Amino acid sequence: MVYIIFIMYFIMVIRPPRNTLERSLVLPYKERSCEAVLIKRFILMACGLLMFLIIMTSSSPTLAAGNTISSPVHLKINDYYVLYTSPAPPFIDGNNRLMIPLRAVGNLLGARVTYEPKTKTAVVAFGDDTLRLAVGSSTAWVNGQAIEMDTEPVMIRQSMFIPAKILMEAFHFAGEWDRRHRILTLRDARFFNAAIEDFKDMQLKVASVSDHVFVPRSFELQYEISDIEVNGEMLSWLDQRMNIRMINTENRAISDDEAEIWVLTSIADGYSTHSRFRESVKAGESFEIAFDGSGGGSWKTDDIQFIALFSRLLPNPS
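Reading the values: rules and limits
- Residues numbered from 1 in each chain as written.
- Predicted model: local features only at pLDDT ≥ 70, side-chain atom pairs only at ≥ 80, totals over all residues.
- Heavy atoms only, no water.
- Helix = DSSP H or I, 4+ residues; strand = E, 2+ residues; numbered from the N terminus.
- Buried < 20%, exposed > 50% of the residue type's maximum accessible area, 1.4 Å probe, protein only.
- Areas by Shrake-Rupley, 256 points an atom, 1.4 Å probe, with all protein chains shown as cover.
- Pairing = 2+ DSSP bridges.
- Core = buried A, V, L, I, M, F, W, Y, C linked by side-chain atoms within 4.5 Å.
- Contact = heavy atoms within 4.5 Å.
- Arc of directions from axis to C-beta.
- Polar contact = N/O pair within 3.5 Å; in protein donor to acceptor, adjacent residues only side chain to side chain.
- Lys, Arg positive; Asp, Glu negative; His and termini not counted.
- Salt bridge = Lys/Arg side-chain N within 4 Å of Asp/Glu carboxyl O.
- Axes fitted to C-alpha atoms, helices over the stretch in contact; angles between N-to-C directions.

**Topic: the overall build of the protein chain**
And step 1. The helix and strand inventory of the protein chain stands at six helices and 20 strands.
And step 2. Burial status across the protein chain gives 41% buried among its 318 residues.
And step 3. Accessible surface computed for the protein chain: about 17,800 Å², of which carbon and sulfur atoms make up 54%.

Right, dumping it as structure tokens:
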């Protein structure tokens, strides 16, 4: 119906009624020049086209604007990059320190985390060590001993963000700073997340040659979680669209048999979705990959816990 209305409008503009056309030919130039007629028709055509585009855009499925996230990528944990953590991605603060949400420390590292809202104080326990921090204070307590930090924990969207550096110091995590790409890698055999381990067991069965050839630089995510009814049961449904800008750090082209990129989205109660990318990549090329994913479950949530990316260089089959 929209197309028919637009075509009729287009015909009316290009070919006006006969009496209008005849009047435009017999009126004096000062009263009705051909140029004026053409300009008017052009304006009407442009307005009609704009109306058509607005109608078509509004009828297309779109995701909620409030659930759009874009950010550089700054964190890698063992062999996977962290694109997103709830309620916001890791970021580098004004003191050039990488800040991580407290809940991600529990979700992704397997630490035991408690938070006291009244005092805005968090206690993180990992192995035999304990770390205590407070929002707005540069003093941290590790196993009862005070340590001065060069930045302070902050609150963002009702979630505490803490510096990754103090985690490395308190729990003896190995850390490596990629100065070129501004990515911090945390390594420790004790890190554990059930969703990631299950995903590895199911999908990453072939050992990779390298996990740092394809480096994510930034990402943009649009997602929406809604409730749907299936056979009388209410389920939650996730729709997500993701664009990730990456770079091939190798000085050679990578075939589609060697390149493998997985994106794992963890939601709640162990539910997750994953997408796979396999295409050839030119030497040193910056490229973009896009994922559209959806899925449902019996979980109830309005947020995504984390999104992890596994970029792998596989053995060349030839």
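**Quick notes on the pairing of strand E20 (residues 306-313)**
And step 1. Counting buried residues along E20, eight of its eight residues qualify, which places the element largely inside the surrounding structure.
And step 2. With burial as the criterion, each face of E20 is covered, one bearing Phe 306, Ala 308, Phe 310 and Arg 312 and the other bearing Ile 307, Leu 309, Ser 311 and Leu 313.
And step 3. Relative to E20, strand E3 (residues 80-85) is paired through four bridges, and the arrangement is antiparallel. Each residue of the ladder has a partner; that of Tyr 84, found in E20, is Ile 307.
And step 4. The pairing of strand E17 (residues 259-266) with E20 spans eight bridges and is classified as antiparallel. Within the sheet, the bridge partner assigned to Val 263 lies in E20 and is Leu 309.

**Thoughts on the nonpolar core**
Across soluble globular proteins, nonpolar side chains have a tendency to be buried as a group.
And step 1. In this structure, Leu 131, Leu 167 and Phe 310 are the most contacted members of the largest nonpolar core, which totals 41 residues.
And step 2. Setting aside residues no more than four positions away along its own chain, Phe 310 makes contact with Asp 79, Tyr 80, Ile 196, Phe 199, Lys 200, Leu 204, Glu 260, Ile 261, Trp 262 and Leu 264.
And step 3. Core analysis: the second largest hydrophobic core is formed by 32 residues, Tyr 84, Ile 183, Met 242 and Ile 244 among them.

**Regarding the pairing of E17**
And step 1. The buried fraction of E17 is high, at eight of eight residues.
And step 2. Two strands pair when backbone bridges link them, and E17 and strand E18 (residues 272-277) are joined in this way by six bridges, in the antiparallel orientation. Among the inter-strand pairings, Ser 266 is bridged to a residue of E18, identified as Ser 272.

**Some words on helix H6 (residues 194-203)**
And step 1. Those residues of H6 lying buried are Ala 195, Ile 196, Phe 199 and Lys 200. Down the axis of H6, the buried side of the element spans an arc of 135 degrees, and every buried residue falls inside it. Opposite the buried face of H6, by more than 90 degrees, sit the exposed residues Asp 201 and Met 202.
And step 2. Residues of H6 that are buried make contact with E3, helix H4 (102-109), E17, E18 and E20.
And step 3. Of the residues flanking the start of H6, the one acting as N-cap is Asn 193, its side-chain oxygen 3.0 Å from the backbone nitrogen of Ala 195.

**A closer look at the side chain of Asp 129**
And step 1. As for its position among the elements, Asp 129 is in strand E8 (residues 129-134).
And step 2. Here Asp 129 occupies a buried position and makes no salt bridge, while the nearest side chain of opposite charge, Arg 190, is found at 5.3 Å.
And step 3. A polar side-chain atom of Asp 129 sits 3.0 Å from a polar atom in the side chain of Asn 143.
And step 4. Setting aside anything within four residues of it in sequence, one finds Asp 129 in contact with Val 124, Asn 143, Ala 170, Phe 171 and His 172.

**Regarding unusual backbone geometry**
And step 1. Here Ser 86 and Pro 87 are connected by a cis peptide whose omega angle stands at 5 degrees.
And step 2. Topologically, Pro 87 is positioned in the loop between E3 and strand E4 (91-92).
And step 3. One non-glycine residue, His 172, lies in positive phi territory at about 60 degrees.
And step 4. As for its placement among the helices and strands, His 172 is situated in the loop between helix H5 (164-171) and strand E13 (174-178).
And step 5. Owing to a relative accessible area of 58%, His 172 belongs among the exposed residues under this scheme.

**Notes on the sheet that holds E17**
And step 1. Strand order in the open sheet made by the seven strands is E13-E14-E2-E3-E20-E17-E18, with mixed pairing throughout. Strands at the two margins of the open sheet, each flanked by one partner only, are E13 and E18. Averaged over all pairs of adjacent strands, the angle between their axes in this sheet comes to 25 degrees, without regard to strand direction.
And step 2. Across the sheet, H4 is in contact with strand E2 (75-77), E3 and E20; its angle to E3 comes to roughly 140 degrees.

**Section: the sheet that holds E4**
And step 1. Pairing is antiparallel across the open sheet formed by four strands, whose spatial order is E4-E5-E12-E11. With partners counted over all chains shown, the strands left at the sheet margins are E4 and strand E11 (154-156), one partner each.
And step 2. Of the strand pairs in this sheet, strand E5 (residues 98-101) and strand E12 (residues 159-163) are connected by three bridges, and their pairing is antiparallel. In the sheet register, Pro 101 faces E12, and the bridge partner there is Phe 161.
And step 3. Of the strands in this sheet, E5 and E12 are in contact with H4, which crosses E5 at around 75 degrees.

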